Amino acid sequence: MRSPQSFGLDPERAALAADLIELNMQVHDRAIGMVGPMPPPPDLTMQQFRVLGQVVRRPGISGNELGGLLGVSAPTASGLVERLVEKGLIARTDDADDRRIRRLHPTEAGRDLMRQMDSMFERMLGVVLQVLSVDELEVLCQSARTMLVALDRVAERAAETSS
């Protein structure tokens, strides 16, 4: 994880971001201790799982970009993608501007698999909901809404920049 200072934040925001990152890691570690780690992906190697995760997080990524993110050669990335296409977890589409580039998108089955794999939060929430007050749940809901609004603003800026 990058340090908050590397994001170019002012000192106050950097300190708060550092706290948020540390708190998030503590929540993650305690949740794993409470409900256990994610189950291993069925019928996928860890490398294939990493590929699927990158495609779900970055729909439309090219195979070349994917290889760079994973630190593998283009042929290796292509082979990993091919196996995920065969399993129906990733689809390839032609790039609208450059027919030499194939864009990668998760299929609904791929997104579903990632949701299942990401169930640690759901399992942890099921345990924690029993001890949270209504006021505490409202704070958590408001925090999640704030994060969604911020993500929408980031997406809007990215769309404006690419236009």
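Structure: see above.
All of the points below concern the structure found in this document. Along every chain, residues carry numbers that run from 1 in the direction the sequence is written. Whole-chain, interface and lining totals are the exception, using all residues; otherwise, since this is a predicted model, local features are given only for residues with pLDDT of at least 70 and side-chain atom pairs are given and counted only at 80 or more. Only hydrogens and water are set aside; all other atoms, that is, all heavy atoms of the structure, feed into the side-chain values.

Our next topic: the sheet that holds strand 1 (residues 61-62). Adjacent strands of a sheet pair through backbone hydrogen bonds, lying either parallel or antiparallel. One open sheet holds the 3 strands; their spatial order is 1-3-2, and the pairing between them is antiparallel. Edge positions in the sheet fall to strand 1 and strand 2 (90-94), since each of these pairs with one other strand and no more. In this sheet, strand 3 (residues 102-106) lies alongside strand 1 in antiparallel orientation, the contact comprising 2 bridges. Looking across to strand 3, one finds that Ile-61 is bridged to Leu-104. Across the sheet, helix 2 (residues 46-57) is in contact with strand 1, strand 2 and strand 3; its angle to strand 3 comes to roughly 95°. Strand pairing follows a simple DSSP-based rule, namely that at least 2 bridges must link the two strands. For the purposes of this entry, the term helix denotes a DSSP run of H or I that reaches at least four residues, the term strand denotes a run of E that reaches at least two, and both are numbered from the N terminus. We call two residues in contact whenever any of their non-hydrogen atoms come within 4.5 Å of each other. Only the contacting stretch of a helix is used when fitting its axis, a line to C-alpha atoms as for every element, and angles between N-to-C directions run 0 to 180 degrees.

In a soluble, globular protein the nonpolar side chains are often hidden away together inside. Of all hydrophobic cores here, the largest spans 17 residues; its most connected members are Val-51, Leu-52, Leu-66, Leu-84, Ile-90 and Leu-104. Broken down by secondary-structure element, the contributors of at least two residues to this core are helix 2, helix 3 (63-70), helix 4 (74-86) and helix 5 (108-117). Not counting residues up to four positions away in its chain, the partners in contact with Leu-52 are Leu-44, Leu-84, Leu-89, Ile-90, Gly-110, Leu-113 and Met-114. The nonpolar core is taken to be a set of buried Ala, Val, Leu, Ile, Met, Phe, Trp, Tyr and Cys residues, with the residues joined through side-chain atoms within 4.5 Å. The classification of residues rests on relative accessible area computed with a 1.4 Å probe and restricted to protein chains. Under 20% of the type maximum is buried, over 50% is exposed, and intermediate values are partly exposed.

Between helix 2 and helix 3, the shortest axis-to-axis distance is 11 Å and the interhelical angle comes to 120°. Between helix 2 and helix 3, the crossing angle belongs to the class labelled oblique. Once helix 2 is placed against helix 3, the crossing between them reads as right-handed. Across the interface between the two elements, Arg-50, Val-51 and Gln-54 from helix 2 touch Leu-66, Leu-69 and Leu-70 from helix 3. Here the nonpolar group is Ala, Val, Leu, Ile, Met, Phe, Trp, Tyr, Cys and Pro; Asp, Glu, Lys and Arg are the charged ones; every other residue, Gly included, is treated as polar. Of the residues assigned to the contact of helix 2 with helix 3, the class counts are 4 nonpolar, 1 polar and 1 charged. Each angle receives one of four descriptions, namely roughly parallel if under 35 degrees, roughly antiparallel if over 145, roughly perpendicular if within 65 to 115, and oblique otherwise. Less than a right angle of anticlockwise turn of the near helix away from the far helix marks a crossing as left-handed, whereas a clockwise turn marks it as right-handed.

Just to be clear on terms, a salt bridge is a Lys or Arg side-chain nitrogen sitting within 4 Å of an Asp or Glu carboxyl oxygen. Within this structure, the stated rule accounts for 10 salt bridges. Across the salt bridge formed by Glu-65 and Arg-103, the nearest N and O atoms sit 3.4 Å from each other. Taken as a pair, Glu-65 in helix 3 and Arg-103 in strand 3 lie far apart in primary sequence, 38 residues in all. Measuring nitrogen to oxygen at the nearest pair gives 3.4 Å for the salt bridge that ties Glu-108 to Arg-115. Within this structure, Glu-108, Arg-111, Asp-112 and Arg-115 form a network of salt bridges that share partners.

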